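Commentary on secondary and tertiary structure
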Amino acid sequence: MPIALRSLTDRLAQSAPLVLALIAALAAASLLLLALDADVGAAYSALFQGAFGSPNAAAETLVKAIPILFVAIGVCIAFRASVVNIGGEGQMIIGALGGVSTALAFGATLGGWTIPLALAAGFVAGGIYGGLAGFLKARFSVNEILSTIMLNQIAVQIMNFLLNGILLDPTEAGMNNIPKTARIVELAELPRLAIGIPGLIDPPLFDRTRLHIGLLIAVALALVMTFVLWRTTIGYRIRAVGYNERAARYAGIAVGRQMILAMFLSGGCAGLAGAVQVLGLQYRLQTDGSPGGFTGGAGFNGIVAALFGGLNPIGAIPASIFFGGLLVGAQTMQRAVGIPAALVTTINGVIVVFVVSSRIFVQARQRARANPPPAAPIASAPLPEAGS
Amino acid sequence: MIENILTASVFASAIRLATPYMFAGIGEMFGQRSGVLNLGLDGIMLMGAFCGYYAALTTGNLALAVLAALGVGAAMGLVMALVCVILKAEQGIAGIGMYLFGLGMSELLFQQLVGTPRAIDGFPRLPIPILSEIQFLGIGEIFFNHNLLVYVAFALVPLALFVLNRTPFGLMIRAVGQNPAAADAMGIKVARVRIITVTVGGMLAGLAGASLSVALLKVFQQNLTSGLGFIAVALVYFGRWRPIGVLIGALLFSFVNALQLQMSAIGIDIPAEFAVMAPYVITLLALIFASKGTDKPTALTKPFDRGG
């Protein structure tokens, strides 16, 4: 088979289980809607209208997709090193704290440098928090799934503590004490994003919506991380550890260090999600004190999007937009047909279970490719007698 | 000062608060001993909590509430088992899927069927005659004046010890978790053993949820467990995969919880955030120290491929 064709059929074969998982999840959602006595058609139509029905709806979908995409990119990186990063929620919070503290500390003194510096602080803060779980895994073989879950809860309390203390908006002190920081200076706000070509797309698309350039940063990050993973030595080492830890060790790769690095990069991406959320959308860090109060569950939804994007950063882009749309559309659906928006969390869970369950079929195919049955080459080779 | 904090009622409430940890932790221990990490525990607990609560709210029948929780727990445990054992899915991620499902579904059902939190009568106290009268050191109040589920949870420890160490099935569980290939060669059905342990673990997680909603808090609300199930998973690591270890861990955590409630009740000024954070920090430290031991089931999280 020509190589190009083979890679195409490979890709199709790899995405087939994803499509099947999606269909199965949709079927499950429909059954659920029927069981709840809802008009299935009306529900889906409200969901779609709410997510993509107008430029404003589409902009809201993209706004929701931004943090999901950042987290998803990070999950992909960690997963390539066989490290499961469930800590997106916590890393996002710590990243937001890093970003907002930097923006508040420097204010307008840095001019145009405030934004890059605050974003970098968010990346590093989230990265260190993720790297901590990587270190615990490499040094003490602490299961990273459990450690990141604990770190998520710890991060929420660190945030609540800081927002009720030294980071509390001075104008709030003694008033309602709503846990939120002061507003960042205008210089530190990410610009809004509108797509327009004079005369052609006029007025510009997404004008006067909440969409910000965080979207472009996230897409750029997906491209950069794809390059890093598949075209650099760093990425090669990370993937080698993920593919076969023992072989990587024999090849002289410092396995523990790669795990820490992968978790640092992974946490950094989630940290950026938090920083971008602060600089681009809320202009301050605020929460209602609950675990999802700031993140809105993006840390978990990012895992779902990463899985659904085939665990590669580029695939995570459409997947994140899909899940962003699901979240925004569910609000409309709740208003229109009275189905609680919690349906989305349920369906996300179903999708995750279906997608991980379907991976066995992809892997079976890969194994068959790696170890072709011994009979095949002999049978296809010309028999010696035939020639003589 | 200290006598205001360490009152008999604090110890009693620590014993009570240990119930959900005990049910969920002991159940999870069986799954992990056989080689399956069920990270969806919190989701199963939430569903058990809701179903138990709803059954109690609508029928007032506590036996039915317990049955509902056990049933939904068994069903979710079975699904998790099939996904992990037959389809060999990555256990950590499948668990997150189960968690999200339980989190969303329990809230969905609650909003659809109940709406606003309504208190139920739930399990009444069941003082044990004579023993609950012991005044010395408050022993009667601390140990013998609880609801039925508390006693059941603690009775589970000797039962688990017996099953695990003194029965053929317990031996199978341990063999399957330590060396599935050898167990398979001995004729043990690896997949079947794992499916049974994870399903039973799910049942107990459902009961753990009901012990929270029907016996302890007597109410249901969105995300009632707030991550308690994840702590229960870590407790098994903390307890080094042994029933007594899980018991000690559960008591330690519930004691920290009870202490935290008491301190805020008598107005001791430590930031609430640190109190809430404490169990998670302790768990993390425990995980670091637990890693040194060699008690961990060798085949934990590894699907078994029979090959050939």
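Residues numbered from 1 in each chain as written. Chains lettered and ligands numbered in written order. Predicted model: local features only at pLDDT ≥ 70, side-chain atom pairs only at ≥ 80, totals over all residues.

In this section: the overall build of chain A. The helix and strand inventory of chain A stands at 15 helices and two strands. Nonlocal contacts in chain A, meaning residues at least 24 apart in sequence, comprise 76% of its contacts between residues at least 6 apart. (Helix = DSSP H or I, 4+ residues; strand = E, 2+ residues; numbered from the N terminus. Contact = placed C-beta atoms within 7 Å.)

Another aspect to go through is the overall build of chain B. Broken down by element type, chain B carries 13 helices and two strands. Its C-alpha atoms give chain B a radius of gyration of 19 Å, within 12% of the compact-globule value 19 Å for 308 residues. Taking the principal axes of its C-alpha atoms as reference, chain B extends roughly 65 × 45 × 40 Å. The buried share of chain B, taken over its 308 residues, is 55%. (Rg over C-alpha atoms; globule rule 2.2 N^0.38 Å. Buried ≥ 20, exposed ≤ 12 C-beta atoms within 10 Å, placed from the backbone.)

All names here are of chain A. At a minimum axis separation of 10 Å, helix α7 (residues 214-231) and helix α10 (residues 255-282) run at an interaxial angle of 165°. Taken together, α7 and α10 sit at an angle that is classed as roughly antiparallel. The hand of the α7/α10 crossing is right-handed. Every residue of α10 that contacts α7 at G214, I217 and L221 is listed here: C269, L272, V276 and G280. When its residues are assigned to classes, the contact of α7 with α10 shows five nonpolar, two polar and no charged. (Axes fitted to C-alpha atoms, helices over the stretch in contact; angles between N-to-C directions. Parallel < 35°, antiparallel > 145°, perpendicular 65-115°, else oblique. Left-handed = near helix turned anticlockwise from the far one by under 90°. Nonpolar A, V, L, I, M, F, W, Y, C, P; charged D, E, K, R; others polar.)

A few words on the pairing of strand β2 (residues 201-205) of chain A. All names here are of chain A. For β2, the tally of buried residues reaches only zero of five residues, placing the bulk of the element at the surface. One ladder, built from two bridges, connects strand β1 (residues 195-197) with β2; its direction is antiparallel. Note that in β2 the partner of I197 across the bridge is I201. Between β1 and β2, which pair antiparallel and follow one another directly, the connecting turn spans three residues, one of which, G199, has a positive phi of 90°. (Pairing = 2+ DSSP bridges.)

If you look at the interface, chain B gives 38 residues, while chain A gives 35 residues. Class assignment of the residues belonging to the side of chain B that touches chain A gives a composition of 26 nonpolar, eight polar and four charged.

A word on helix α11 (residues 298-308) of chain A. All names here are of chain A. Counting buried positions along α11 yields eleven of eleven residues, so the element is predominantly enclosed. Regarding α11, the residues found buried are A298, G299, F300, N301, G302, I303, V304, A305, A306, L307 and F308. G310 lies just past α11 and shows a positive phi near 70°.

The subject of this paragraph is the nonpolar core. Residue and element names in this part refer to chain A. In this structure, L69, F70, A72 and I73 are the most contacted members of the largest nonpolar core, which totals 238 residues. With 17 residues, the top contributor of residues to this core is helix α3 (residues 55-80). Non-local contacts of L69, meaning those with residues more than four positions away in its chain, are made with A218, A222, A316, I317 and S320. (Core = buried A, V, L, I, M, F, W, Y, C linked by C-beta atoms within 7 Å.)

On average, residues of chain B score 89 in pLDDT, and 97% of them reach the 70 mark or higher. Across the whole predicted complex the pTM is 0.88, and at the interface the ipTM reaches 0.89. (pLDDT = per-residue confidence, 0-100.)

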